[in-house]
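Below, each chain spelled out in residue letters.
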Amino acid sequence: MKRKLYRFCFMLICILCLYGKTEAQAAEKKTANRSDGQIVGCQIRLPVAGKLYKSKKSKKKIAVIPRGTILKVIKSGNHRFYVKYKKKKGWISEKHVFVNLVNYIPSIDYKLHLAKKKKLFNIKGKALRDINQNPFYTSKGVRQGKQCWLNYLAAKKLLKAQRVLRRDGYSIVLYDAYRPLSVSRKLYKAVSESSYVKEMGGAVGDYIAFRSAHNKGVAVDLTIKDIRTGKELAMPSQIMTLGVESSEQSWYYRFTKESRNARLLRRYMTQAGFLTLSTEWWHFQDGNHYQGTFCEEDYYNISQ
C-alpha cells in the first residue's frame with residue numbers, strides 16, 4: 001500500500017513539475033516570439049500624469065492617470081495608445097510616454113548594471129569598489145531584466161538603429177536607459193565621496209552628471225556585439241570608464257581597431273537620430289529632445 005502511495009506521489013510531483021516547466025516555456029516562447037517594433041501588447045508607463053481621452057481624435061477627457069502608472073497597449077493610432085485604466089478604456093497621447101524596451105525591442109541584449117550589486121564604473125579599468133555594493137535600481141521588474149524604460153519617441157529611433165545593426169550582423173547591448181533623478185543624485189554623491197576622487201582630479205562632475213538626459217528617458221548607454229560570435233566589439237575603453245580615455249579626443253582620430261569600432265557605433269546611432277556625448281563613447285541621446293520629447297517638468301523621478 002505504501003509503495004503505491006509513494007508511486008502516486010512521485011508521479012503527481014513529476015506531473016506538477018512538468019506542468020510548471022511547460023507554463024514557463026510557454027511564457028518564454030511568447031516573449032521570444034515578439035518581433036521588434038510591435039507596440040501592441042507592450043507595457044508603457046507615464047512619467048507625468050496623463051489624460052485619458054474618449055477616442056483617438058477626441059479632446060474629451062474621461063480620466064486622469066497618475067504619474068508612474070504602468071499600462072498595456074491594446075491598440076494604437078493617430079499618435080495615441082488605447083489602454084485600460086481601472087474600469088475605463090480610452091486613448092492617451094504617445095508624446096511623453098515611456099515604453100518597456102524589453103517588450104518593444106526584444107532582440108536587444110539588456111545588461112542593466114545599475115540594477116546589480118556589481119556596477120561597471122571604473123577608473124583605468126580599476127573598479128570603484130566603494131560604490132559597488134547595493135543596486136541603484138530596486139524595482140522587481142528591472143532587477144529581473146523584464147523592464148527597461150525609455151521615452152517612446154527615443155525608443156523608435158533606437159529601434160531604427162537596431163534594425164540596421166542586425167541587418168549588418170551586429171546587435172545592441174544596452175547598459176542603461178531611463179534613470180530616475182534620485183538615482184543620479186545618489187550616484188553623484190557616492191562617487192563624490194569615493195576614495196577614487198583624487199584619481200579623477202576631483203572633477204566628479206566631468207564624469208558623473210548630477211542630472212542628465214537619462215532622467216528624461218531620452219538617453220541610452222550602450223555598445224554593440226557581433227551576432228555571429230556573441231562578443232562585444234572592442235572599444236577605446238571599458239564601458240563606464242571615468243577618464244579621458246573614454247573621450248573622443250583620445251580615440252576619434254586614431255586608426256586602431258577600438259577607435260574604428262567606436263566610430264562605427266557612432267555612425268549607426270547618429271544616422272538613427274541620436275546625439276553623441278564627447279566624453280563618453282557609449283552615451284547617446286535623442287537628437288530631437290528639444291522639439292517635444294521633453295515636457296514641462298524638468299526631470300522625471302519615478303521609481304526604477
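Positions within a chain are numbered from 1, following the residues in the order the chain's sequence is written. The model is predicted, so local features are restricted to residues of pLDDT at least 70 and side-chain atom pairs to those at 80 or more, both for listing and for counting; the totals for chains, interfaces and linings are taken over all residues. Water and hydrogen atoms play no part in the side-chain values, which are based on all heavy atoms of the structure.

Undergrad: How should the overall build of the protein be read in this particular structure?
TA: Within the protein, the secondary structure is distributed over 8 helices and 16 strands. For every residue, the accessible area obtained with a 1.4 Å probe (protein chains only) is divided by the maximum for its type, and the residue is called buried under 20%, exposed over 50%, and partly exposed between those limits. The buried share of the protein, taken over its 304 residues, is 47%. Counting contacts in the protein only where the partners sit at least 6 residues apart, residues at least 24 apart contribute 68% of the total. Going along the chain from the N terminus, every DSSP run of H or I of four or more residues is numbered as a helix, and every run of E of two or more is numbered as a strand. Every residue pair with non-hydrogen atoms within 4.5 Å of one another is taken to be in contact.

Undergrad: When you look at the sheet that holds strand 4 (residues 70–72) in this model, what are you seeing that I'm missing?
TA: Strands pair in a sheet through their backbones, by hydrogen bonds, and they do so in one of two ways: parallel or antiparallel. If DSSP finds at least two bridges between two strands, the strands pair. Here we have 4 strands laid out as an open sheet, ordered 4-1-8-12, and antiparallel in their pairing. This sheet does not close on itself; its edge strands, each paired only once, are strand 4 and strand 12 (149–151). Pairwise comparison of adjacent strand axes, ignoring direction, gives a mean angle of 35 degrees for this sheet. Where strand 1 (residues 43–45) and strand 8 (residues 98–100) come together, 2 bridges link them in antiparallel fashion. Across the sheet, the residue bridging to R45 is F98, located in strand 8. Running over the sheet, helix 4 (residues 152–167) touches strand 8 and strand 12 and is turned about 100 degrees from strand 12. To get an axis, fit a line to the C-alpha atoms, keeping to the stretch in contact for a helix; angles then go from 0 to 180 degrees between the N-to-C directions.

Undergrad: I keep staring at the sheet that holds strand 16 (residues 280–286) and nothing clicks. Help me out?
TA: Taken together, 5 strands build an open sheet; the order of strands is 9-13-14-16-15 and the sheet is mixed. The open sheet has two free edges, formed respectively by strand 9 (109–110) and strand 15 (274–277), since each of these has just one partner strand. Sheet topology note: the strand 14 (residues 219–226)/strand 16 ladder contains 3 bridges and is antiparallel. Along strand 16, the bridge assignment pairs D221 with H283. Here helix 4 sits on the sheet and contacts strand 13 (170–176), strand 14, strand 15 and strand 16; the angle it forms with strand 13, its principal contact strand, is near 145 degrees. Relative to the sheet, helix 7 (residues 257–271) contacts strand 13, strand 14, strand 15 and strand 16, its axis offset from that of strand 14 by approximately 125 degrees.

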